[in-house]
Amino acid sequence: MTEIGKLRELKILKFVIHAEADSKEWVRTCLQMCPSSLEVLEVTTPACYPMDVMAHAPPGLQTFMCNGHFEAFPRWIDPSLSYLTVLSIRLWSVRVQPKHFDKLAELPSLRFLRICTLLQQPEQEKLVIHNSPSAFPCLTDLRISCSLMFLKFQPGAMRKLQILCLRFDLTKTNEHFQTNNFDYGFENLPSLQHVVIKSLGGKNPEAQDAIRKTINDHPNRPSLDFSYA
């Protein structure tokens, strides 16, 4: 990794962690040695491997994809990553909070965002994505996986969003937020073209009908792909 760190024109780095034990310090060293020229960083880990050893990201990073999990929202995600276009992270027992989405909204070049959050307890609060010209200025593809679906889009939010993929438990979401209409404000996404809903808790015809009605009421009449895990 010391030698790799000397490659000052290195653009793409992909590495695989095969063993969970005794490798965290090695991973920390790897990430610290990444040259500032790096544009693409992909990390493949064993299941439930903690990635909180990552303290910062190269300033010119354009793509970060990792299947390891963070036990806290990464502090290095901030507007200074002005070139970041693709971001895929997994969170373990972390409630997604408004301040987290505020940080994500400030990434000026972000086009693809995937967040998978694994909650041991259904404690997720509902988050409202407000209308702001400076928020998510380039985002076209949003993918969220959580046992509870917590997003609510206000008019004009995520103006360029075309693809929306949501993976959640319809029944648990209904029970937790005590609502039967499954109104997430899809109609307020002016560029929406494709919606993918994956249910984690089996079939729920009432919820499916409610979501389908919401999609059908959208002026763009986006396509809807509904499936059950």
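The model shown is predicted, which means the values in this text are computed figures rather than measured ones. (Residues numbered from 1 in each chain as written. Predicted model: local features only at pLDDT ≥ 70, side-chain atom pairs only at ≥ 80, totals over all residues. Heavy atoms only, no water.)

Caption draft 1: View of the pattern of salt bridges. Taken as a whole and judged by the stated rule, the model has six salt bridges. Among the ionic pairs, Lys-6 bridges to Glu-3, the shortest N-O distance being 3.3 Å. For the pair formed by Lys-6 and Glu-3, the shared burial category is exposed. A salt bridge links Glu-39 to Lys-11; the nearest nitrogen and oxygen atoms lie 3.7 Å apart. Note that Glu-39 is positioned in the loop between helix 2 (24-33) and strand 2 (40-44) and Lys-11 in the loop between helix 1 (2-5) and strand 1 (12-16), a separation of 28 residues in sequence. (Salt bridge = Lys/Arg side-chain N within 4 Å of Asp/Glu carboxyl O. Buried < 20%, exposed > 50% of the residue type's maximum accessible area, 1.4 Å probe, protein only. Helix = DSSP H or I, 4+ residues; strand = E, 2+ residues; numbered from the N terminus.)

Caption draft 2: Quick look at helix 3 (residues 98-105). Among all positions in helix 3, only His-100, Phe-101, Leu-104 and Ala-105 are buried. For helix 3, the angular spread of buried residues about the axis comes to 135 degrees, placing them on one side. Summarising the contacts, the buried residues of helix 3 are in contact with strand 4 (86-92), strand 5 (112-118), strand 6 (127-129), strand 7 (141-145) and strand 8 (151-153). (Arc of directions from axis to C-beta. Contact = heavy atoms within 4.5 Å.)

Caption draft 3: Summary view of the domain arrangement of the protein chain. Splitting the protein chain by domain gives domain 1 (1-92) and domain 2 (94-228). Placing the centre of domain 1 and that of domain 2 at their C-alpha centroids yields a distance of 27 Å. Listed per partner, the contact involves 21 residues of domain 1 and 19 residues of domain 2. A combined buried area of about 1,800 Å² lies between domain 1 and domain 2, and 64% of that area is made up of carbon and sulfur atoms. Summed over the three residues of domain 1 that lose the most area to domain 2, namely Phe-73, Leu-91 and Trp-92, the buried surface amounts to 34% of that side. (Domains from an automatic or database assignment. Buried area = accessible area lost by both parts, 1.4 Å probe.)

Caption draft 4: Summary view of the nonpolar core. Among the nonpolar cores identified, the biggest contains 71 residues, and Leu-87 and Phe-101 are the most heavily contacted of them. Two domains share this core, each providing at least three of its residues, namely domain 1 (1-92) and domain 2 (94-228). Setting aside residues no more than four positions away along its own chain, Phe-101 makes contact with Val-96, Ile-115, Leu-127, Ile-129, Phe-136, Ile-144, Phe-150, Leu-151 and Met-158. (Core = buried A, V, L, I, M, F, W, Y, C linked by side-chain atoms within 4.5 Å.)

Caption draft 5: A look at the sheet that holds strand 5. One open sheet holds the nine strands; their spatial order is 1-2-3-4-5-7-9-10-11, and the pairing between them is parallel. Strands at the two margins of the open sheet, each flanked by one partner only, are strand 1 and strand 11 (223-228). If you compare each strand with its neighbour and ignore which way they point, the axes differ by 10 degrees on average. Bridging between strand 5 and strand 7 involves five bridges; their strand directions are parallel. Each bridged residue has a counterpart across the sheet, and for Cys-116 the counterpart in strand 7 is Ser-145. (Pairing = 2+ DSSP bridges. Axes fitted to C-alpha atoms, helices over the stretch in contact; angles between N-to-C directions.)

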